Amino acid sequence: MKGKEEEKMKLRKRPRRNRKSEEIRGLVRETHLGVEQLIYPMFVWEGEGEEEIESLPGNKRWSVEGIAKECKRLYEELGLRCVDLFGVVGEDKKSADGRAAWDDGGVVQRAIRAIKRAVPGMVVMTDVALDPYSTYGQDGIVKELEDGSIEVMNDETVEALVKQALSHARAGADILSPSDMMDGRIGALRTALDEAGMENVSLLSYTAKYASCLYGPFRGALGSAPKKGDKKSYQMDPANRREAVREALLDEEEGADILMVKPATYYLDVITELREATHLPIAAYHVSGEYLMIQAAAASGWLDEKQATLEALLSIRRAGADMILTYAAPRVAQWLREER
Ligand code: PBG
């Protein structure tokens, strides 16, 4: 019988040495997920009180007063530092040009003021796009063509987005985040903000926003699904990667402060690509459909919610994103807190 020594492989390099204990794994860990990197998307409506959003379990439509109170709790108890606001309005407030979007007394504008009053440290970001206010459910101004189809008009939309953005900035938003994918809107918003003396308001651009099936649950939350047509003439083709770099370079040149890729986990290669193409910070939006896939699998006992969520978010960080928008932000903050 051979001795034990002789049976050993002659391996000088054994990568497993770096995984032999939790302490050593901690020393060599390359990527971390922290509460300071999370942005929580929230919905504010004109109604009284709050309402569970059926298509986004664990999330609510908040009243103006309710959202301010909730933001204070998220800030003080969970350490969340940034929320992204979406307005929900009734069909009676919607119009062809989405004009409710730039009403200074609108629900988002009132929410911004209420949150800033209740918890001044909370970074308030707002979504800039017309779809929640458009009778067409499109992100921009629509022209009906003779053949019955529609066109979302670029330059007219940018003018409307400027009005909406200035209104959010006047209400006290810290970061404006245009999600419409019109050409030239970053430059137009930067110019308008600077001319209005609001040069300290930041722009987080939805730089590479793909025409994805994964926005379905979000549109359910807002009642904003397109009534006619789709969004493929402005949101990007999921087949394209180089085009994302082109968008990134334009946004950087036009004055964006942060670039975003959306959705996140199906587009990790795009996150990495943008990370390498620019020095700007990169954000990624783990969208409603990505969130819901995990929720559904967890609800039926197929996956562990905490592990599946944390692994998805870590993969987004590893790909190169600095910050992540996620509907799981409060739960993740709680889990991270428990681990410390
Ligand atoms: C619309 C907007 C969408 C999302 C954020 N802003 C949906 C869309 O483009 O139709 C999606 C967010 C999500 O799915 O979580 N301006």
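Not measured: the values here are computed from a predicted model.

**Student:** Explanation requested: the site of the ligand in the structure shown.
**Tutor:** Near the ligand, the surroundings consist of 18 residues, among which K209, R219, K231, K262 and Y327 are the closest. With respect to the ligand, the side chain of K231 contributes an N or O atom lying 2.7 Å from an oxygen atom. At a separation of 3.5 Å, a nitrogen atom of the ligand approaches a polar side-chain atom of K262. Considering the ligand on its own, with 400 Å² of exposed area, one finds that the protein chains cover 100% of that surface. Of the residues that constitute the shell around the ligand, the class distribution is 8 nonpolar, 3 polar and 7 charged.

**Student:** Any chance you could explain the packing of helix α8 (residues 242-254) against helix α9 (residues 268-277) here in plain terms?
**Tutor:** Relative orientation and spacing of two packed helices are given, respectively, by the angle between their axes and the distance between those axes. At a closest axis distance of 10 Å, the pairing of α8 and α9 adopts a crossing angle of 40°. Classed by the angle they form, the pair α8 and α9 counts as oblique. Crossing handedness for the pair α8 and α9: right-handed. Counting all contacts with α8, which are made through A244, V245, A248 and L249, the residues of α9 involved are V270, E273, L274 and A277. For the contact of α8 with α9, the residue count by class is 7 nonpolar, no polar and 1 charged.

**Student:** Honestly, the environment of V89 in this entry has me stumped. Any pointers?
**Tutor:** Within the element layout of this structure, V89 appears in the loop between β4 (82-88) and α4 (107-118). By relative accessible area, V89 is classed as buried at 9%. With 42 residues separating them along the chain, V89 and G47 place their C-alpha atoms 8.9 Å apart. Those residues in contact with V89 that lie beyond four places of it in its chain are E46, K94, V107, P132 and Y133.

**Student:** Looking at this structure, how should I read the pairing of strand β12 (residues 323-326)?
**Tutor:** The two faces of a sheet get side chains in turn, since along a regular strand they alternate between them. Here β12 shows a buried face lined by M323 and L325 and a second buried face lined by I324 and T326. By the bridge criterion, 2 bridges tie strand β1 (residues 38-45) to β12 in an arrangement that is parallel. Across the sheet, I39 pairs through a bridge with L325, a residue of β12. Sheet topology places strand β11 (residues 282-286) next to β12; 4 bridges connect them, and they run parallel. For H286, the partnering residue across the bridge sits in β12 and is T326.

**Student:** Explanation requested: a positive patch on the surface in the structure shown.
**Tutor:** Side chains of K8, R14, R16, R17, R19 and K20 sit close together on the surface and give a patch of like positive charge. As for its position among the elements, R16 is in the loop between α1 (4-7) and α2 (22-28).

**Student:** Sorry, what's going on with helix α5 (residues 154-171) here?
**Tutor:** Given 3.6 residues per turn, any residue in an α-helix points the same way as the ones three and four places further on. Helix length check: α5 (18 residues) gives 26 Å between terminal C-alpha atoms against 26 Å at 1.5 Å per residue, within 8%. All buried positions along α5 are accounted for by T157, V158, A160, L161, V162, Q164, A165, L166, S167, H168, A169 and A171. On the buried face of α5, the contacting elements are α4, β5 (123-128), β6 (141-144), β7 (150-153), β8 (175-178) and α6 (185-195).

**Student:** Just checking my understanding: could you explain the pattern of salt bridges for this structure?
**Tutor:** Working definition: two side chains of opposite charge can pair if their charged atoms are close together. Applying the stated criterion to the full structure yields 24 salt bridges. For K94, the salt bridge goes to E91, with nearest N and O atoms at 3.3 Å. With its nearest N and O atoms 2.8 Å apart, the salt bridge here joins D97 to R99. When salt bridges with common partners are traced through the structure, they connect E22, R25 and R29 into a single cluster.

**Student:** Got a minute to help me understand the state of the cysteines in this structure?
**Tutor:** Cysteine pairs can be linked by a disulfide, which is a covalent bond between their two sulfur atoms. The tally for this structure, following the rule as stated, stands at 0 disulfides. No disulfide involves C82; its sulfur sits 9.9 Å from that of C71, the nearest cysteine.

**Student:** Explain the packing of aromatic side chains here, please?
**Tutor:** Any aromatic ring pair is given by two values, namely how distant the centres are and how the planes are angled relative to each other. Per the stated rule, a full pass over the model turns up 8 aromatic pairs. Between the aromatic rings of Y206 and Y285, the centroid separation amounts to 6.3 Å while the plane-to-plane angle is 50°, which identifies the pairing as tilted. Pair noted here: Y206 is in strand β9 (residues 202-209) and Y285 is in strand β11, with a separation of 79 residues, a long-range link. Relative to Y327, the ring of Y285 lies with its centre 6.0 Å away and its plane at 45°, an arrangement referred to as tilted. Taken as a pair, Y285 in strand β11 and Y327 in the loop between β12 and α12 (329-339) lie far apart in primary sequence, 42 residues in all. Taking relative accessible area as the criterion, Y285 reaches 1% and is therefore assigned buried. Feature note: the residues F43, F86, Y206, F218, Y285, Y291 and Y327 constitute an aromatic cluster, connected by ring pairs.

Rules behind the numbers
Residues numbered from 1 in each chain as written. Predicted model: local features only at pLDDT ≥ 70, side-chain atom pairs only at ≥ 80, totals over all residues. Heavy atoms only, no water. Near = heavy atom within 4 Å. Polar contact = N/O pair within 3.5 Å; in protein donor to acceptor, adjacent residues only side chain to side chain. Areas by Shrake-Rupley, 256 points an atom, 1.4 Å probe, with all protein chains shown as cover. Nonpolar A, V, L, I, M, F, W, Y, C, P; charged D, E, K, R; others polar. Axes fitted to C-alpha atoms, helices over the stretch in contact; angles between N-to-C directions. Helix = DSSP H or I, 4+ residues; strand = E, 2+ residues; numbered from the N terminus. Parallel < 35°, antiparallel > 145°, perpendicular 65-115°, else oblique. Left-handed = near helix turned anticlockwise from the far one by under 90°. Contact = heavy atoms within 4.5 Å. Buried < 20%, exposed > 50% of the residue type's maximum accessible area, 1.4 Å probe, protein only. Pairing = 2+ DSSP bridges. Patch = residues over 30% accessible without salt bridge, like charges linked within 9 Å, V, L, I, M, F, W, Y side chains within 5 Å. Salt bridge = Lys/Arg side-chain N within 4 Å of Asp/Glu carboxyl O. Lys, Arg positive; Asp, Glu negative; His and termini not counted. Charge placed at Lys NZ, Arg CZ, Asp CG, Glu CD. Expected span 1.5 Å × (residues − 1). Disulfide = S-S within 2.5 Å. Phe/Tyr/Trp six-rings, centres within 6.5 Å; stacked < 30°, edge-to-face > 60°.

Any functional reading would require information beyond the geometric quantities listed.
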